[in-house]
Amino acid sequence: MTTESTRWPEPLSVRHQAWTTPLSRPRMANEDDVRPGLALTNRYLSRDGVPLIPVSGEVHYSRIPRARWAERLRQMKAGGVTVVASYIFWLHHAEHRDQVSFEGDLDVAAFVDLAIETGLDVVLRIGPWVHGESRNGGFPDWVQQAPVRHRTDDPAYLEMVREWFGQIGAALGGRASATGTVLGIQLENELYDQPQHLVTLKRMAREAGMSAPIWTATAWGGADLPETEVLPLYGGYGDGFWVDADAPWDPTFRDHYFFSHVWDDAGIGADVRRAQAIEAASGGPRTPSELFPAATCELAGGMATAYHRRPRPEALDVAAIAHCKIGNGSAWQGYYMYTGGTNPPGEHGMQESHATGYPNDIPRLGYDFHAPIGEAGVLAGSHAELRRQHAFLAAFGDRLAEMPSSLPEVRPTGVEDGETLRWALRSDGRSGFLFVAWHQPHFPLSGYEQARFRVELDGGEVIEFPSKPIDIPSGTLARWPVNLAVGDTRIAWATATALTLLPGAVPTLVLIAEAGIPVEIALSGSAPVIVEPGFTPVRFGSLDVLVLPAGTAGSAWVAEQPARRLLLSADELQWDASGKVRVKAAETPRVRVYDPAVRAFGDLDVLPSSSSSPASSAPVAVSVSRVVTAELVRPAATAVPNSYGKHDGRPSAPAPDVFDELAAVYRLTLPSWAAEPSADALLRIDWAGDIGELRVDGRTVTDRFWDGSRWLVNLTDVGYHPSAEVTLHLLPLAAGSPVHVPADTRTRLSTVDNQLLAIDAITVLPRYTAIEQ
């Protein structure tokens, strides 16, 4: 007799693999630069004896108005970031050697203090060379033009660095010291073959009064690092501007959409290495050091836009890479960038450019990076995708940190394999989490059919699930609990993603359903049950299990202080170390909070803030006009060139005078309320063309290379006022332009015979703040 089960395909199998090396403690943070309560092992970082998985997000204080620092840090905190990382750009602070500033937007000490006050740790990336798509890699011109061997132990170069480090150390005033608050210091950036120079820089930083429990250096490109001196940090980008305009989707990008135990990315910075005749270290390690855990500092939070190549990563593209790294065994999730910004103007521009010998022309001012928090302070879709991962790490990181990664028996054959399911296990041999990643950009994956899993743990224990094969839709990023114990209840398995664990007399395990996958949950030793997602928990033993519908994933938020809370809101939420919620909304906000005691959601009491609300205390008005008129002042040239020149084979951006000669000019008329500080107005520009600049009273305040995305500008931040003249300058894109743009924008370009220039819509949106009562 043939039964249904005998016709099922064999389950996909994985066997738990124990750690390959014993637990050990390096000198770093344990014997050197000790900070009470903090410890580092070769597997994880711990605080007060509890393992944790930090989440760091890059934000450049010098690219953000000081008045916005507090809000950006609250946005990061609400996104589940636990550590802020920032370059200290020598160029921003000392464009001229005799005019060094650490004031205003450059007050790094004040930024560190505010981050700590917000409940965030800090890592400072002190360079001196940092890159960050900045002019000369962050060197002021007077350093770049000095007759020295840069980024080496050349005494003449070190003398300049000593002066700079001394200035940083003095500005920090002990914040990066044995008694300070700074968690980590990164030395240099993308230095591949000079380990002794890193040791010299570390010594010089100490001489300047700087130290921290964690010292780091970037390890990609097979970097040769001084073995015990720095924690190697890796990166991972799913697309990038640093390949040529006509290059296909590179294997170094595609790699990151697979589970793997190889951490190096040889592609990052490869064009700069080539331009500067720097060889990547040959034979360098592609896996983490046995002395330190697997850690990252540059997982793609988005991607910068260069003139010649304009990647536009979507939210799921960003989330899939981060998800895979967790499944790979990451002990530290670090993003570049997490928060976009705007370059200081500078005398000659602060951006990387062909004119300075670098391989890419970058926008002079705009550094949005398609980051989770954009240049204008608006949350991208990736903020929601990533914050659910970070909530998971906050709730389960103490367990996950002690769980090595195991790869399945059958794995993809290469980066072009779109048929073999991509999945992995993190487990301690008794319990764990199964990770599935079934998404990639550019070459969409078809749904995977008839999947079941077989997980072999220690002692020969085998768990097979689900009860019958399931189809896994494209776009699935799952992390399913396996043998998860909460109190005296053990979840044998579940086909819904773990989000968080809420405290209470009866704890609540919060899961999120996957779109298109039935939710089954099985207790250890019991038959599985099908659970309908909703907003009411199901009791399993002494545990409540709340399975949220897949459609609510984007509105889920988890606040960790003062006690962990689950919130649902379509509006933007922020909070600081107090955990008090702020809501940013164009309309009357609504926030729901889950109460484990009553096993239900209720409305959170929020009221408009006195300093950021309409004139009355009434709910936010929604009837204000949001229309912006664009009056054509001067039409664009009727035939812009296909090319403005090349550098090392890559298309160059037009010079400023050429842009001014060829671009169309529009005068924008905004509604009167847009100048009210309480409205915190957001200008939204939907357009098509090549390059755009926005000017206020004749001064360019931000710019953008067109990639098909909406251009967002915070009017308060760019200095808009009631009598301001606002002009929009747009350069058409020639039909024959060789620049690389996303597929949908290339399709639009193909519909024109000569050149493309269009304004689809310009609107302005108020964003008022309400505060939890």
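Here the structure is a predicted model, which is why all the values come from computation and not from measurement.

The rules we used
Residues numbered from 1 in each chain as written. Predicted model: local features only at pLDDT ≥ 70, side-chain atom pairs only at ≥ 80, totals over all residues. Heavy atoms only, no water. Core = buried A, V, L, I, M, F, W, Y, C linked by side-chain atoms within 4.5 Å. Buried < 20%, exposed > 50% of the residue type's maximum accessible area, 1.4 Å probe, protein only. Helix = DSSP H or I, 4+ residues; strand = E, 2+ residues; numbered from the N terminus. Contact = heavy atoms within 4.5 Å. pLDDT = per-residue confidence, 0-100. Salt bridge = Lys/Arg side-chain N within 4 Å of Asp/Glu carboxyl O. Pairing = 2+ DSSP bridges. Axes fitted to C-alpha atoms, helices over the stretch in contact; angles between N-to-C directions.

## Observations regarding the nonpolar core
Okay, so step 1: Membership of the largest hydrophobic core comes to 147 residues, with the highest contact counts inside it found for I126, F165, M210 and I521.
Okay, so step 2: Counting residues per element, this core draws most heavily on helix α5 (residues 155–172), at 8 residues.
Okay, so step 3: Apart from the residues within four sequence positions on either side, F165 is in contact with I126, G127, P128, L201, M204, A205, A208 and M210.
Okay, so step 4: Formed by 47 residues, the second largest nonpolar core is a distinct cluster that contains W687, Y720, V741 and Y768.

## Describing the confidence of the model for the protein
Okay, so step 1: Summary statistics for the protein give a mean pLDDT of 95 and a share of 96% for residues scoring 70 or more.
Okay, so step 2: Taken element by element, the predicted model of the protein shows its lowest mean pLDDT in helix α8 (residues 270–275) (78) and its highest in strand β17 (residues 432–438) (99).
Okay, so step 3: Overall, residues 613–621 carries pLDDT values under 50, and its contacts beyond four positions in sequence, including any with other chains, amount to 14 contacts.

## Some words on the pattern of salt bridges
Side chains carrying opposite charge are able to pair once their charged atoms draw close together.
Okay, so step 1: The tally for this structure, following the rule as stated, stands at 46 salt bridges.
Okay, so step 2: Among the salt bridges present, the one from D660 reaches R695, with a minimum N-O distance of 2.6 Å. Taken together, the residues D660 in helix α11 (residues 656–662) and R695 in strand β40 (residues 691–696) connect sequence positions 35 residues apart.
Okay, so step 3: By relative accessible area, D660 is classed as partly exposed at 32%.
Okay, so step 4: The network of salt bridges with shared partners includes R68, E71, R72, K584, D680, D717 and R767.

## Here we look at the sheet that holds strand β29 (residues 565–568)
Okay, so step 1: Ordered in space as β28-β29-β32-β33, the 4 strands form an open sheet in which the pairing is antiparallel. Bordering the open sheet on either side are β28 (556–559) and β33 (600–603), each of which pairs with just one other strand. Adjacent strand axes in the sheet meet at a mean angle of 35° when their direction is disregarded.
Okay, so step 2: Sheet analysis places β28 next to β29, joined by 4 bridges and oriented antiparallel. Its bridge partner lying in β29, A559 is registered against R565.

## Some words on the environment of G238
Okay, so step 1: Examined against the element boundaries, G238 turns out to sit in the loop between β10 (231–236) and α7 (251–254).
Okay, so step 2: Spatially, the C-alpha atoms of G238 and P311 are 9.7 Å apart, while their sequence positions differ by 73 residues.
Okay, so step 3: If sequence neighbours within four positions are ignored, G238 has contacts with W249, F253, Y257, A300 and I321.

## A few points about the sheet that holds strand β18 (residues 448–456)
Okay, so step 1: Reading across from one edge, β1-β18-β19 is the order of the 3 strands in this open sheet, with mixed pairing throughout. At either margin of the open sheet sits one strand with a lone partner, and together these are β1 (12–15) and β19 (462–472). Ignoring which end each strand starts from, the neighbouring axes of this sheet average 20° apart.
Okay, so step 2: Inspection of the sheet shows β18 paired to β19 by 6 bridges, in the antiparallel sense. Paired with Y448 across the two strands is I472, which belongs to β19.

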